[in-house]
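Reading the structure
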Amino acid sequence: MENSPTDTYKTLGAASPEVLFKDRKSKFYGYAFPVRTEEEIKDIIENIRQKHKDAGHVCYAWRLGIRKKRHRANDDGEPNNSAGMPIYGQIRSYELTQVLVAVARVYGGTKLGVGGLIQAYKTAAQQALDASAIIERTIMKDFRLKFAYPEMDKVMRTISQVDAEILSQRMEMDCTIEVAIRESEADKFIALMKPYIGVELMEIESV
């Protein structure tokens, strides 16, 4: 699923509620968040640390990107691969991207062993994702069109043919329209616009 050929992807519609999983008096607080940047992730993890100051570990995993996905798993001092990777495994299992899942552990006095930790972090992550609103989003491409006013009718007609969303427009003697088009329709849109000599078409790179 890393490089899906479709033009949709699954992510979270909103942050999950806090979930709590207990194992031999240790408490595992699970959270899931929709995210877009690593800076955003740093802020969220810091907020969780502030909320659970008695937590010995705040372990997490994230996956970012639509076409070219990247990820990170962090054990935060737990034994290698006993926390971050089980959390990341749940992100993969739910086929999500643009998402962060974090689990804060408050030690209960009994060691769980590596196997116990793997299961506990996996379960807390799963419960957080189960409590989340998982949504499907469409991958869009943005284009800017520049043209003289007399070209207006054919430009608008072509925009409607591919069910494009108009993001902004400036209608004067020299017109500019920015549109968002479903990725699977982008090549068709470019081909339809190509014969129009008086229309300048440029793809707007996503940030």
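Notes on the structure follow. From a predicted model like this one, the values you see are computed outputs, not experimental measurements.

1. A word on the packing of helix α4 (residues 152-161) against helix α5 (residues 183-193)
- In contact at an axis separation of 10 Å, α4 and α5 are set at 160 degrees when each is read in the N-to-C sense. Taken together, the axes of α4 and α5 are roughly antiparallel relative to one another. The crossing of α4 and α5 is right-handed. Note on element contacts: α5 touches α4 through Lys 188, Phe 189, Leu 192 and Met 193, opposite Val 155, Thr 158, Ile 159 and Gln 161.
- Classifying every residue of the contact of α4 with α5 by side-chain character gives 5 nonpolar, 2 polar and 1 charged.

2. Things to note about the sheet that holds strand β10 (residues 174-182)
- Read across the sheet, 4 strands follow the order β9-β10-β8-β11 without closing on themselves; strand pairing throughout is antiparallel. This sheet does not close on itself; its edge strands, each paired only once, are β9 (165-170) and β11 (199-204). Going across the sheet, the axis of each strand differs from the next one's by a mean of 20 degrees, ignoring polarity.
- On top of the sheet, α5 reaches β8 (140-148), β10 and β11; it is set at about 145 degrees to β10, its chief contact.

3. Comments concerning the pairing of strand β4 (residues 57-64)
- Of all 8 residues in β4, 8 are buried; the element is thus mostly enclosed.
- The alternating pattern of β4 places His 57, Cys 59, Ala 61 and Arg 63 on one face and Val 58, Tyr 60, Trp 62 and Leu 64 on the opposite face, and all of these are buried.
- Sheet topology places β4 next to strand β6 (residues 99-106); 7 bridges connect them, and they run antiparallel. By the bridge assignment, Ala 61 is partnered in β6 with Val 101.
- Bridging between β4 and strand β5 (residues 70-74) involves 5 bridges; their strand directions are antiparallel. Its bridge partner being in β5, Arg 63 is matched across the sheet by His 71.
- Linking β4 to β5, which pair antiparallel, is a turn of 5 residues; within it Gly 65 sits at a positive phi near 105 degrees.

4. Observations concerning α4
- Those residues of α4 that sit buried are Met 152, Val 155, Thr 158 and Ile 159. Here the buried residues of α4 occupy an arc of 135 degrees about the axis, which is enough to place them on one side. Facing away from the buried side of α4 by over 90 degrees, the exposed positions are Asp 153 and Ser 160.
- Tucked inside the fold, the buried residues of α4 contact β8, β9, β10, α5 and β11.
- Residue Asp 163 follows α4 closely and has a positive phi angle near 55 degrees.

5. Comments concerning helix α3 (residues 113-130)
- Taking 1.5 Å as the rise per residue, α3 with 18 residues should run 26 Å; its terminal C-alpha atoms sit 25 Å apart, in good agreement.
- Looking at α3, one finds that the buried residues are Gly 116, Leu 117, Ala 120, Tyr 121, Thr 123, Ala 124, Ala 125, Ala 128 and Leu 129.

6. A look at the nonpolar core
- In terms of nonpolar packing, the biggest core is built from 23 residues, with Phe 28, Ile 87, Ile 91, Leu 96, Val 101, Tyr 121 and Leu 129 touching the most fellow members.
- Among the elements that line this core, the one with the most residues is α3, at 7 residues.
- If we skip the residues at most four places from it in the chain, Tyr 121 touches Phe 28, His 57, Cys 59, Glu 78, Ser 82, Ala 83, Ile 87, Val 103 and Arg 105.

What counts as what
Residues numbered from 1 in each chain as written. Predicted model: local features only at pLDDT ≥ 70, side-chain atom pairs only at ≥ 80, totals over all residues. Heavy atoms only, no water. Axes fitted to C-alpha atoms, helices over the stretch in contact; angles between N-to-C directions. Helix = DSSP H or I, 4+ residues; strand = E, 2+ residues; numbered from the N terminus. Parallel < 35°, antiparallel > 145°, perpendicular 65-115°, else oblique. Left-handed = near helix turned anticlockwise from the far one by under 90°. Contact = heavy atoms within 4.5 Å. Nonpolar A, V, L, I, M, F, W, Y, C, P; charged D, E, K, R; others polar. Pairing = 2+ DSSP bridges. Buried < 20%, exposed > 50% of the residue type's maximum accessible area, 1.4 Å probe, protein only. Arc of directions from axis to C-beta. Expected span 1.5 Å × (residues − 1). Core = buried A, V, L, I, M, F, W, Y, C linked by side-chain atoms within 4.5 Å.

Read these as geometric descriptors, not functional statements.
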